[in-house]
Amino acid sequence: MNYYSLNHIAPKTSFKEAVIKGLAPDKGLYFPESITPLPKAFFENIDNLSHSEIAFEAIKQFVAPDIPEKVLKTIVEETLSFDFPVVELNKNISTLELFHGPTMAFKDVGARFMARCLGYFNQNNDREVTVLVATSGDTGGAVANGFLGVKGVKVVILYPSGKVSDIQEKQLTTLGQNIKALEVDGTFDDCQTMVKTAFLDENLTSKMQLTSANSINVARWLPQLFYFMFAYKQLHNKYKDIVFSVPSGNFGNICAGMMAQQLGLPINHFVAANNVNNVVTRYLISQLYEPKPSVQTVSNAMDVGAPSNFVRIQEIYKNNFESLKENISSYSFTDSQTKEAMLDIYKNYKYVADPHGAVGYLGCVSYLKVHPEVHCVFLETAHSTKFLDVVEEVIKKRQPLPEQIKSVMGKDKVAVKISTYEDLKSFLLN
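These numbers were taken from a predicted model, which means no experiment stands behind them. (Residues numbered from 1 in each chain as written. Predicted model: local features only at pLDDT ≥ 70, side-chain atom pairs only at ≥ 80, totals over all residues. Heavy atoms only, no water.)

*Asks:* Explanation requested: unusual backbone geometry in the structure shown.
*Replies:* Both trends apply: most residues other than glycine have a negative phi, and most peptide bonds are in trans. The residue after Ala64, namely Pro65, is reached through a cis peptide bond having omega 0°. Although it is not a glycine, Gln287 adopts a positive phi angle of roughly 65°. Tracing the chain through its elements places Gln287 in the loop between helix H13 (279-286) and helix H14 (310-316). The phi torsion at Lys396 lies on the positive side, around 60°, for a residue other than glycine. The residue Lys396 is located in the loop between helix H18 (388-395) and helix H19 (403-409) in this model. (Helix = DSSP H or I, 4+ residues; strand = E, 2+ residues; numbered from the N terminus.)

What follows is the structure, given as structure tokens:
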């Protein structure tokens, strides 16, 4: 498989080079040159396949020939060493739990897959690779855990000071070893801008090999298509018209779901559930794509004012607005609406949702008002205890901490404070 830049200036490249570079030299995101749908028999017989078998068949065309099939099977099995259960709340709404991995966030899948791919590519390379990543919350912890101890790889994580939860901060600042955390005086968008600037700084890239583990990296982004297939396997015998409501920040997750659809997954529609950072909700109304500075909310991982992956979504639909709008709806919700939803879910279903899942739930409710015949699945992207202050304030009940969270709570935070790109560059060079 070759990959091309969505800015269409840089030359095409292999999966390996796309993973190692992260961002194309012309600043564009990489996109696969072709998408070959899986045979109908694959989906007809999906009940007979394990998670690893489903994932292997779905991803292999995107990595061949750079990773041998035997190695890829091992990578997939190691990546998917936890469960992805669907919990039905009522006859119209279910939630897909994506928080059963080591950092209790959906990003564990992409981070673990990418770490293993990069480890394979770098096994005989004497040159150290530096993974540079910006996080609005869960990416940092997932990447830190996924890459911890990987030979020849150093990880530098930028996060916005005071804008991630205490537990999220602990998960990315306490591991040590090859993981370094930079606390940025600014927003997630500032962090992401610094990362993109670093990739394009020839004075920096001539001295070190940089790559990204944000969803701009194809090895972080593409594996997220797996769990849409896992949910379909669990629900298709009971519900024929399945819609996914995806809490959306940088839009990598919902874009991966659309890639699963391109592979033939029989899904009719997606809902992009936004908080007040709602550039896509506004775009689908006005056709004007106008990124704005992000606003801090209780669903902090979605506080993105310029979602990187939306350009990939536009590419899937060949930049045809009407075609895109047929397949995606989008709604925006305030913090007060999010908290009300968390309380409603708890009272009505005895289910504790995190703020991001609650936004996804609201997306389901909004879509079902117009399409009451469908079954809507919202993604529960992180465990509720990662947002203890919000969750316990809303449901008025103390929550027990899972072992994955307990393991970091007593550790000391280690982070370097920076304010500007020059601070970042100085840190990387020194």
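That shown, we press on.
*Asks:* Looking at this model, I keep getting lost on the side chain of Asn275. Mind explaining?
*Replies:* The topology assignment puts Asn275 in the loop between strand S11 (269-274) and H13. By relative accessible area, Asn275 is classed as buried at 0%. Within the structure, the side chain of Asn275 is placed 3.0 Å from the side chain of Asp303, a separation counted as a polar contact. Contacts of Asn275, omitting those with residues within four sequence positions, involve Thr297, Ser299, Met302, Asp303, Ser332, Phe333 and Val359. (Buried < 20%, exposed > 50% of the residue type's maximum accessible area, 1.4 Å probe, protein only. Polar contact = N/O pair within 3.5 Å; in protein donor to acceptor, adjacent residues only side chain to side chain. Contact = heavy atoms within 4.5 Å.)

*Asks:* Any chance you could explain helix H17 (residues 355-370) here in plain terms?
*Replies:* Because each turn of an α-helix spans 3.6 residues, side chains separated by three or four positions end up pointing in the same direction. Taking 1.5 Å per residue, 16 residues should reach 22 Å; H17 reaches 24 Å between its end C-alpha atoms and fits that length. Across the 16 residues that make up H17, a large majority, 13, are buried. (Expected span 1.5 Å × (residues − 1).)

*Asks:* What is the right way to read empty space enclosed by the protein from this model?
*Replies:* Sizing a probe to match a water molecule and rolling it over the atoms shows the empty space that remains. Counting across every chain of the model gives one cavity of 30 Å³ or more. The volume enclosed by the largest cavity comes to roughly 240 Å³. Lining the largest cavity are 23 residues; nearest its centre among them are Phe106, Lys107, Gly249, Asn250 and Ala301. Listed by contribution, the elements that provide at least two residues to the lining of the largest cavity are helix H6 (138-147) and helix H12 (252-262). A class-by-class count of the residues in the lining of the largest cavity yields eight nonpolar, 12 polar and three charged. Split by domain, the lining of the largest cavity shows at least three residues from each of two domains, domain 1 (37-65 + 107-218 + 412-429) and domain 2 (83-105 + 220-395). (1 Å grid on protein atoms, 1.4 Å probe; cavity = no way out; pocket = protein on both sides within 12 Å on 5 of 7 lines; lining within 4 Å. Points joined across faces, edges and corners; volume = space filled by probe spheres on them. Nonpolar A, V, L, I, M, F, W, Y, C, P; charged D, E, K, R; others polar. Domains from an automatic or database assignment.)

*Asks:* Looking at this model, I keep getting lost on the packing of aromatic side chains. Mind explaining?
*Replies:* Between two aromatic rings, the relevant description is the distance of the centres plus the angle of the planes. For the coordinates displayed, the defined rule picks out 21 aromatic pairs. Ring centres 6.0 Å apart and planes at 80° place the aromatic pair Phe251 and Phe310 in the edge-to-face group. Taken together, the residues span a long stretch of sequence, with Phe251 in the loop between strand S10 (242-247) and H12 and Phe310 in helix H14 at a distance of 59 residues. Assessed through its relative accessible area of 3%, Phe251 is described here as buried. A centroid spacing of 5.9 Å and a plane angle of 85° characterise the contact between Tyr283 and Tyr289, whose relative ring orientation is edge-to-face. (Phe/Tyr/Trp six-rings, centres within 6.5 Å; stacked < 30°, edge-to-face > 60°.)

*Asks:* Looking at this structure, I do not really get the packing of helix H3 (residues 51-63) against helix H11 (residues 226-235). What am I missing?
*Replies:* Helix-helix packing is described using two parameters, namely the angle between the two axes and the distance between the axes. One can describe the packing of H3 onto H11 by two numbers: an axis separation of 10 Å at closest approach and a directional angle of 130°. Classed by the angle they form, the pair H3 and H11 counts as oblique. In the packing of H3 onto H11, the handedness of the crossing is right-handed. Here His51, Ile54, Ala55, Ala58 and Ile59 of H3 lie close against H11, whose contacting residues are Phe226, Met229, Phe230 and Lys233. (Axes fitted to C-alpha atoms, helices over the stretch in contact; angles between N-to-C directions. Parallel < 35°, antiparallel > 145°, perpendicular 65-115°, else oblique. Left-handed = near helix turned anticlockwise from the far one by under 90°.)

*Asks:* What is the right way to read the environment of Asp241 from this model?
*Replies:* Mapped onto the elements, Asp241 comes out in the loop between H11 and S10. With relative accessibility at 24%, the residue Asp241 sits in the partly exposed group. Residues within four places of Asp241 in sequence aside, it is in contact with Asn268, Glu373, Val374 and His375. At 2.7 Å, the side chain of Asp241 forms a polar contact with the side chain of Asn268.

*Asks:* How should I be thinking about the layout of surface pockets in this particular structure?
*Replies:* Its boundaries defined by the atoms lining it, the largest pocket holds a volume of some 260 Å³. Forming the walls of the largest pocket are Lys21, Leu23, Ala24, Pro25, Arg127, Phe199, Leu200, Glu202, Thr205, Met208, Gln209 and Leu210. At the level of elements, helix H9 (202-205) and strand S9 (209-211) are the ones that each hand at least two residues to the lining of the largest pocket. In terms of residue class, the lining of the largest pocket is made up of seven nonpolar, two polar and three charged. As for the second largest pocket, its lining consists of 13 residues, and the residues nearest its centre are Gly162, Lys163, Val164, Ser165 and Asp389. Listed by contribution, the elements that provide at least two residues to the lining of the second largest pocket are helix H7 (166-173) and H18. Taken together, the residues that form the lining of the second largest pocket break down as four nonpolar, five polar and four charged. When we break the lining of the second largest pocket down by domain, the ones giving at least three residues each are domain 1 (37-65 + 107-218 + 412-429) and domain 2 (83-105 + 220-395).

*Asks:* Explain the domain arrangement of the protein chain here, please?
*Replies:* Buried accessible area, meaning the area lost when the parts come together, often serves as the stated size of an interface. Considered domain by domain, the protein chain is made up of domain 1 (37-65 + 107-218 + 412-429) and domain 2 (83-105 + 220-395). Domain 1 and domain 2 are separated by 22 Å when their C-alpha centres are compared. Taken together, the contacts link 48 residues of domain 1 with 47 residues of domain 2. Around 4,000 Å² of area is buried between domain 1 and domain 2 when both sides are counted, 58% of it from carbon and sulfur atoms. The three residues of domain 1 that bury the most area against domain 2 are Phe43, His51 and Ser215, which together make up 16% of that side's buried surface. The tally of links between domain 1 and domain 2 comes to zero salt bridges. The interface formed by domain 1 and domain 2 includes 28 residue pairs in polar contact (both at pLDDT 80 or more). Elements that contribute at least two residues to the side of domain 1 that touches domain 2 include exactly helix H2 (40-44), H3, helix H5 (107-121), H6, H7 and helix H8 (188-199). (Buried area = accessible area lost by both parts, 1.4 Å probe. Salt bridge = Lys/Arg side-chain N within 4 Å of Asp/Glu carboxyl O.)

*Asks:* Which parts of the structure should I look at to understand the environment of Arg312?
*Replies:* For Arg312, the location among the structural elements is in helix H14. For the pair Arg312 and Tyr30, spaced 282 residues apart in sequence, the C-alpha separation works out to 8.6 Å. Look past the residues within four positions of Arg312 in its chain and what remains in contact with it is Leu6, Leu29, Tyr30, Phe31, Ser215, Ile216, Val218, Trp221 and Cys255. For Arg312, the side chain forms a polar contact with the main-chain oxygen of Ser215, separated by 2.9 Å.

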